[in-house]
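Chain residues, written in single-letter form:
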Amino acid sequence: MADTTNLTLPLLAASQAQKHVTVNEALTRLDGMVQLTLRSRSLTTPPATVLEGECFGVPAGAINDWAGHDGEVAQFANGGWVFTSPARGWRAFVSDTGSLDLHDGTGWVAGGQSASPGGAGVQLRTVEADIPISAGPTVATGLVFPPRAIVLGVTGRVTTAITGALTDWRAGDAGSDARYGNGLGLALDSWLGGPADPFVVWTPTEILLTGNGGDFAAGAVRLAAHYLELGIPGPA
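Residues numbered from 1 in each chain as written. Predicted model: local features only at pLDDT ≥ 70, side-chain atom pairs only at ≥ 80, totals over all residues. Heavy atoms only, no water.

## Observations regarding the packing of aromatic side chains
On inspection of all chains with the given rule, the structure shows six aromatic pairs. Where Phe56 meets Trp66, the ring centres are 5.3 Å apart and the plane angle is 45°; that geometry is what we call tilted. On the criterion of sequence distance, the pair formed by Phe56 in strand S2 (residues 55-57) and Trp66 in the loop between S2 and strand S3 (73-77) is long-range, its members being 10 residues apart. Per residue, the accessibility class of Phe56 equals that of Trp66, and both read buried. Summarising the aromatic geometry, the rings of Phe145 and Tyr227 are spaced 5.7 Å apart at their centres and angled 85° between planes, so their arrangement reads as edge-to-face. Here Tyr227 lies in strand S17 (residues 216-231) and Phe145 lies in strand S10 (residues 138-145), a separation of 82 residues in the sequence. A relative accessible area of 0% places Phe145 in the buried class. Residue classification places Tyr227 among the buried residues on the basis of a relative accessible area of 6%. A network of ring pairs unites the aromatic residues Phe56, Trp66, Phe76 and Trp81 as a single cluster. A cation over an aromatic ring shows up here: Arg179 above the ring of Phe199, its NZ or CZ 4.2 Å from the ring centre. (Phe/Tyr/Trp six-rings, centres within 6.5 Å; stacked < 30°, edge-to-face > 60°. Helix = DSSP H or I, 4+ residues; strand = E, 2+ residues; numbered from the N terminus. Buried < 20%, exposed > 50% of the residue type's maximum accessible area, 1.4 Å probe, protein only. Lys NZ or Arg CZ within 6 Å of the ring centre and 35° of its normal.)

Structure below.
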């Protein structure tokens, strides 16, 4: 039976019996591949619990029912797995990372915004973490901008009210401890939302929180680091 070129959808044959089976299979494939959402791109073992129609990006080294399908999209359909090979230019939202990824013809590029024929591109990234507030004047968040990143800014929200002797707080890094915001609120749902003037970090650069007027005691914030990375062309 012949298939279509891009999504390998099954085509009806002349005088074919049970035509609805072929049509329904094609519609099921379309339902998964159009507006593509991947539940994950990192699982190497098919999950024990999966919903009809869910799709996964199969990584290298996958096992069990995904063995031998590295780099393909696995869709759970009619109680089994259907596989499709993605092509350059495909986009997918990846649910477990919250990233909109681009396929460059070789593999998925997290946050990819462009991909040249030689493999260079621009990646837009957002990394989010829940940060517990520990007692002291400064909180090292563990949320780090990677070397050579073009920093766009930091956003955040207080998820557990911040307590302590402080009047408010600021967010920054070792180069400027209020770079991402100052006079920030302590109450639940207080937020940090201003972008920074874009700049490049040449070494790993951690986001730091500092109390104004006194020390932190407790609380929690959810922070997101937003930045760009530039990809170099691949080898000849």
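From this point on, the discussion continues.
## Notes on the nonpolar core
Membership of the largest hydrophobic core comes to 26 residues, with the highest contact counts inside it found for Phe145, Trp169, Tyr180, Ile207, Leu209, Val221 and Leu223. Among the secondary structure elements, those contributing two or more residues to this core are S10, strand S11 (149-164), strand S12 (168-172), strand S15 (195-201), strand S16 (205-212) and S17. Discounting residues that sit within four places of it in the chain, Phe145 has contacts with Val151, Gly153, Val154, Tyr180, Val201, Thr203, Pro204, Thr205, Ile207, Ala225, His226 and Tyr227. In terms of nonpolar packing, the next biggest core, distinct from the first, is built from 12 residues, Leu9, Ala26, Cys55 and Val73 among them. (Core = buried A, V, L, I, M, F, W, Y, C linked by side-chain atoms within 4.5 Å. Contact = heavy atoms within 4.5 Å.)

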